[in-house]
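Topology and contacts: notes
Residue strings, one per chain:
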Amino acid sequence: MIIKKSKLSKFIKLPNIFDEANLVFTEGKRHLPFSIKRVYYILNMKKGSLRGFHAHKKCQQVIFCIQGRIKLVLDNGSNREEFIIKQPDQGIFLDKMIWHEMSDFVKGTILLVLASDYYKEKDYIRDYQKFLRQVRKELRDDTNE
Ligand code: TYD
């Protein structure tokens, strides 16, 4: 379920069953904008560490902070948005061709990421200037169609 939209993203809320604990689940396409091909998690981040700093050409992802808190910056080449992610049942949609930067992890933070594709290094753009060139090229191609 989409609960909040912004210019660059949307928050996806998963079912959260609370009895004596929280049980959060997802059933792929029922709850997410894609079928899940890959799941990964990130934990034990060193104090002050930075992650992300890339965009994906095709892969889409939803990022959950299932414990702790992070700052996430999204950038589509024209706009930048900053989010604080801390709700284990609310993921942020990370579309293709969105540059993202993660920082300000609190101790004990655990991120869970659901992805639409297998890991392919070729899908990454790790250079910000290259990302801007690619975004502008795609915009030009769209307007010429
Ligand atoms: P990367 O995606 O750059 O991490 P982050 O976005 O958190 O900064 O990945 C870090 C390393 O892990 C890189 O060498 C690629 C590897 N990796 C895989 O092998 N499989 C995966 O599914 C992911 C996400 C990363």
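Please refer to the structure placed before this passage.
Thresholds applied
Residues numbered from 1 in each chain as written. Predicted model: local features only at pLDDT ≥ 70, side-chain atom pairs only at ≥ 80, totals over all residues. Heavy atoms only, no water. Helix = DSSP H or I, 4+ residues; strand = E, 2+ residues; numbered from the N terminus. Rg over C-alpha atoms; globule rule 2.2 N^0.38 Å. Buried < 20%, exposed > 50% of the residue type's maximum accessible area, 1.4 Å probe, protein only. Contact = heavy atoms within 4.5 Å. Areas by Shrake-Rupley, 256 points an atom, 1.4 Å probe, with all protein chains shown as cover. Lys, Arg positive; Asp, Glu negative; His and termini not counted. Charge placed at Lys NZ, Arg CZ, Asp CG, Glu CD. Disulfide = S-S within 2.5 Å. Polar contact = N/O pair within 3.5 Å; in protein donor to acceptor, adjacent residues only side chain to side chain. Patch = residues over 30% accessible without salt bridge, like charges linked within 9 Å, V, L, I, M, F, W, Y side chains within 5 Å. Salt bridge = Lys/Arg side-chain N within 4 Å of Asp/Glu carboxyl O. Near = heavy atom within 4 Å.

1. Regarding the overall build of the protein
Within the protein, the secondary structure is distributed over one helix and 13 strands. Ordered by position in the sequence, the α and β elements of the protein form the string β-β-β-β-β-β-β-β-β-β-β-β-β-α. For 145 residues, the compact-globule estimate of 2.2 N^0.38 gives 15 Å, and the protein sits close to it at 16 Å. Once the C-alpha set of the protein is aligned to its principal axes, its extents read approximately 55 × 35 × 25 Å. The buried share of the protein, taken over its 145 residues, is 41%. Long-range pairs, those at least 24 residues apart, make up 73% of the contacts in the protein between residues at least 6 apart in sequence. As displayed, the protein has an accessible area near 9,100 Å², and 50% of this comes from carbon and sulfur atoms. Positive and negative side-chain charges in the protein, numbering 28 and 18 respectively, have mean positions lying 3 Å apart.

2. Comments concerning the state of the cysteines
Evaluated as defined, the whole model comprises zero disulfides. Of all cysteine sulfurs in the structure, the one in cysteine 65 sits closest to cysteine 59, which takes part in no disulfide; the separation is 19 Å. Overall, cysteine 65 belongs to the buried group, its relative accessible area being 0%.

3. A short note on the environment of asparagine 22
Take asparagine 22: it is sitting in strand β4 (residues 22–24). Filtering out sequence-adjacent residues up to four positions away, asparagine 22 remains in contact with Asn16 and Ile17. Here the side chain of asparagine 22 touches asparagine 16 through a polar contact of 2.8 Å, side chain to side chain.

4. Digging into the side chain of aspartate 89
Note that aspartate 89 resides in the loop between β9 (80–85) and β10 (90–94). With residues up to four places along the chain from it excluded, the contact list for aspartate 89 reads Ile12, Lys13, Leu14, Asn16, Val24 and Phe64.

5. Description of a nonpolar patch on the surface
Together, Ile36, Val39, Tyr41 and Leu43 line one region of the surface with nonpolar side chains, adding up to about 380 Å² of accessible area. Residue position: isoleucine 36 is located in the loop between β4 and β5 (38–42). When its relative accessible area of 30% is taken as the criterion, isoleucine 36 is described as partly exposed.

6. Thoughts on the site of the ligand
Around the ligand, the structure places Arg38, Tyr40, Ile42, Arg51, Gly52, His54, Tyr119, Tyr124 and Arg126. The side chain of tyrosine 124 places a nitrogen or oxygen atom 2.6 Å from an oxygen atom of the ligand. Taking arginine 126, its side chain carries an N or O atom lying 2.9 Å from an oxygen atom of the ligand. For the ligand, the protein covers 65% of the area, taking 530 Å² as the surface of the free molecule. Contributing elements (two or more residues each) for the shell around the ligand: β5 and β6 (51–56).

7. Some words on unusual backbone geometry
Phi is positive for methionine 97, close to 55°, though the residue is something other than glycine. Here methionine 97 is to be found in the loop between β10 and β11 (99–103). Given a relative accessible area of 9%, methionine 97 falls into the buried group.

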